Amino acid sequence: MRKIPFSVQILLGLALGVALGYLARAGELSWLASGLDTVGGLFVQLLKLAVPPLVFTAIVISVVSLRGVANAARLALRTLLWFGATALIAVSVGIGLGLLTNPGRGVTLDTADATAPTRTGSWTDFLTGIVPTNPVGAFVEGNVLQIVFLALVIGAAALLVGPPAEPFVALNRALLAIVQKALWWVIRLAPIGTLGLIGNAVATYGWDLLAPLARFTTAVYVGCAIVLFVVYPLLLLGAGRLNPLRFFAGAAPAIQLAFVSRSSVGTMPVTQRAVERLGVPREYASFAVPFGATTKMDGCASIYPALAAIFVAQVFGVELGVTDYLLIAFVSVVGSAATAGLTGALVMLTLTLSTLGLPLAGAGLLLAIDPILDMVRTATNVAGQALVPTIVAAREGTLDRTAYDAAGRRSLVDEDPVERGSRPGQHEEPALAPA
């Protein structure tokens, strides 16, 4: 299998998963559908298992690493500004596409049976939920937003304390290396996970379920495609003077894994490696990528909530005005951290609906097809998380353009994350195909 490139392995898993899913649905083979569900579920569960220690240690180390980065405050500010700017562009695409396609007009769904999801988001919950009441509870419950808060505070404190904090920093570096090593074993299983996830999706969601929501589903995929293949290339060309084809060649493994795993945080090690191989300095990438994996959500927090809000409003016969569209844009830029890099965008959607005063039960209408939508949303998220540090580094003059031009020529998943960190230099050329 090492001779087969990682991207080809993913595609093979995708094709086989579609075939098995179709067979399970057409032949009503419940045992096969259940098996596919188990395989895909275990893969996602393994990714989620690594999330709390990975996020905490990665952000602590990334904050401490800013000590060795020139103009660190300016880099952090510019990264945040680019996060906000690209989110604003993405939500504008979502709103524009929603107004153009009217995804909820003419849709016949039984709104009486729609119930509000048990997990919802509100501004008060979002703001009060940032600070944990119990640090241990944040890890036990897997509350990524609270873990990010703790990591930022502790990382900043360690940075200011200086040499006395070195044993703590060294411990976090060791834990990060261990978690990355273990997570890399899981990532090598991505082709098998792809087979299970895609197969289960095909076996579960037939055209009879997708048909009433076909226009909405198409709008989400088209919106993400516009951001991925029109907006991002234009930003690379205009703001970074970079060849978009090289960017997608280098970022492809992370985007592929994001599509099948539906987890920005689970994809984070591959994203960071891809960003480094695109020529971004490792010290800056170690800050921008973990931070982006938990807050930068162009698919889940911008395109999707905009289209979903318009869909729900049209299904329930509510007219939206200019103020409502401005509120959608505001929520997408400010509240995107609520998605926290895990699978699904339910919290962000309910936050948007509640802000607009739309019935939260409308979110229940879309839950059935959420996994289908989440694949393209997460792929868009991760592409944006790789895009911003690449553009910022290019504009700062710190991007290794030789490495950028060479990105994607060799595979990166086969490179050991621990051994890579111990070698000198930033842009070695290891291979990227899993066993």
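Thresholds, definitions, all that
Residues numbered from 1 in each chain as written. Predicted model: local features only at pLDDT ≥ 70, side-chain atom pairs only at ≥ 80, totals over all residues. Heavy atoms only, no water. Helix = DSSP H or I, 4+ residues; strand = E, 2+ residues; numbered from the N terminus. Buried < 20%, exposed > 50% of the residue type's maximum accessible area, 1.4 Å probe, protein only. Contact = heavy atoms within 4.5 Å. Areas by Shrake-Rupley, 256 points an atom, 1.4 Å probe, with all protein chains shown as cover. Patch = residues over 30% accessible without salt bridge, like charges linked within 9 Å, V, L, I, M, F, W, Y side chains within 5 Å. Salt bridge = Lys/Arg side-chain N within 4 Å of Asp/Glu carboxyl O. Expected span 1.5 Å × (residues − 1). Arc of directions from axis to C-beta. Core = buried A, V, L, I, M, F, W, Y, C linked by side-chain atoms within 4.5 Å. Axes fitted to C-alpha atoms, helices over the stretch in contact; angles between N-to-C directions. Parallel < 35°, antiparallel > 145°, perpendicular 65-115°, else oblique. Left-handed = near helix turned anticlockwise from the far one by under 90°. Nonpolar A, V, L, I, M, F, W, Y, C, P; charged D, E, K, R; others polar. Phe/Tyr/Trp six-rings, centres within 6.5 Å; stacked < 30°, edge-to-face > 60°. Lys NZ or Arg CZ within 6 Å of the ring centre and 35° of its normal. Disulfide = S-S within 2.5 Å.

S.K.: Could you give an account of the overall build of the protein, naming the residues involved and the relevant values?
M.R.: Scanning the protein from terminus to terminus reveals 21 helices and 0 strands. Relative to its 435 residues, the protein shows a buried fraction of 57%. A separation of at least 24 residues holds for 82% of the contacts in the protein among residues at least 6 apart in sequence. Summed over its atoms, the accessible surface of the protein is roughly 17,500 Å², and 67% of this surface lies on carbon and sulfur atoms.

S.K.: For a nonpolar patch on the surface, give the residues involved together with the corresponding values.
M.R.: Residues Val39, Leu46, Leu49, Leu189 and Ile192 make up a contiguous nonpolar surface patch of about 440 Å² in total accessible area. Ranked by residues supplied to the nonpolar patch, first place goes to helix α2 (residues 30-49) with 3 residues. Examined against the element boundaries, Ile192 turns out to sit in helix α9 (residues 190-204). Judged by relative accessible area, Ile192 falls into the exposed class, the value being 52%.

S.K.: Any chance you could break down helix α8 (residues 166-187) for me, citing the residues and the numbers?
M.R.: Over its 22 residues, α8 runs 31 Å from end to end, which matches the ideal 32 Å to within 8%, given 1.5 Å per residue. Listing the buried residues of α8 in full gives Val169, Asn172, Leu176, Val179, Gln180, Leu183, Trp184, Val186 and Ile187. For α8, the arc enclosing every buried residue in end-on projection is 140 degrees, short of the 170-degree limit, so these residues lie on one face. Those residues of α8 that are exposed and aimed more than 90 degrees away from the buried face are Pro167, Ile178 and Trp185.

S.K.: Before we move on, could you go through the environment of Leu197 and cite the residues and values that matter?
M.R.: Here Leu197 shows up in helix α9. Taking C-alpha positions, Leu197 is 7.6 Å from Gly17, a pair spaced 180 residues apart along the chain. In contact with Leu197, not counting residues within four places along its chain, are Gly40, Phe43, Val44, Val260 and Ser261.

S.K.: Help me get a handle on the nonpolar core, residues and values and all.
M.R.: Generally speaking, nonpolar side chains in soluble globular proteins are found buried as a group. Counting residues in each nonpolar core, the largest one holds 117 residues, and the members touching the most others are Phe216 and Phe247. Not counting residues up to four positions away in its chain, the partners in contact with Phe216 are Pro103, Tyr304, Leu307, Ala308, Phe311, Leu366, Ile369 and Leu373. Counting residues in each nonpolar core, the second largest holds 6 residues, with Met297, Cys300, Ala301 and Val331 among its members.

S.K.: Quick rundown of the side chain of Gln272? Include the residues and the values.
M.R.: With respect to the helices, strands and loops of the structure, Gln272 is situated in helix α13 (residues 264-277). With a relative accessible area of 11%, Gln272 lands in the buried category. Filtering out sequence-adjacent residues up to four positions away, Gln272 remains in contact with Ala285, Ser286, Val289 and Pro290.

S.K.: So what's going on with the packing of helix α3 (residues 51-65) against helix α7 (residues 144-161)? Residues and values would help.
M.R.: Put simply, α3 and α7 touch, their axes get as near as 8 Å, and they point 30 degrees apart. Of the possible angle classes, the one that applies to α3 and α7 is roughly parallel. The two elements α3 and α7 cross, and the hand of that crossing is right-handed. Residues Val51, Pro52, Val55, Phe56, Ile59, Val60, Val63 and Val64 of α3 pack against Val144, Ile147, Val148, Leu150, Ala151, Leu152, Ile154, Gly155, Ala156, Ala158 and Leu159 of α7. Of the residues contributing to the contact of α3 with α7, the split by class is 18 nonpolar, 1 polar and no charged.

S.K.: How would you sum up unusual backbone geometry? Please name residues and give values.
M.R.: Of note in this structure, Glu28 is not a glycine but carries a positive phi near 50 degrees. On the secondary structure map, Glu28 appears in the loop between α1 (6-26) and α2. Of the residues examined, Glu28 reaches a relative accessible area of 71% and is grouped as exposed. Although it is not a glycine, Asn102 sits at a positive phi angle of roughly 50 degrees.

S.K.: How would you sum up helix α19 (residues 370-396)? Please name residues and give values.
M.R.: Look at α19: 39 Å from first C-alpha to last across 27 residues, which is about the 39 Å you get at 1.5 Å a residue. Burial runs high along α19: 25 of the 27 residues are buried.

S.K.: A description of the packing of aromatic side chains should follow, citing residues and the corresponding values.
M.R.: Tallied over the entire structure, the rule returns 7 aromatic pairs. Taking 5.6 Å as the distance between ring centres and 40 degrees as the angle between the ring planes, the aromatic pair formed by Phe229 and Phe248 counts as tilted. Highlighted residues: Phe229 in helix α11 (residues 214-240) and Phe248 in helix α12 (residues 244-261), separated in sequence by 19 residues. Under the relative-accessibility criterion, Phe248 is labelled buried at 17%. Members of the aromatic cluster, connected to one another through ring pairs, are Phe83, Phe287 and Phe291. When the ring centre of Trp184 is taken as origin, the NZ or CZ atom of Arg273, which lies over that ring, is 3.8 Å away. Of note, Arg377 hangs over the ring of Tyr304, and the distance from its end group to the ring centre comes to 4.2 Å.

S.K.: Let's hear about the state of the cysteines: which residues, and what values?
M.R.: A full pass over the atoms with the stated rule returns 0 disulfides. Here Cys224 stays free of any disulfide, with the sulfur of Cys300 as its closest cysteine sulfur at 8.3 Å.

S.K.: Give me the pattern of salt bridges: which residues, what numbers.
M.R.: Inspection of the entire model under this criterion finds 7 salt bridges. Across the pair Lys296 and Asp298 runs a salt bridge, and its minimum N-O distance is 2.8 Å. You can call Lys296 buried: its relative accessible area is 2%. Residues Asp370 and Arg377 are paired through a salt bridge, measuring 3.1 Å at the closest nitrogen-oxygen approach. Like Asp370, the residue Arg377 is buried in the burial classification. Each of Arg262, Asp370, Asp374 and Arg377 takes part in a single network of salt bridges with overlapping partners.

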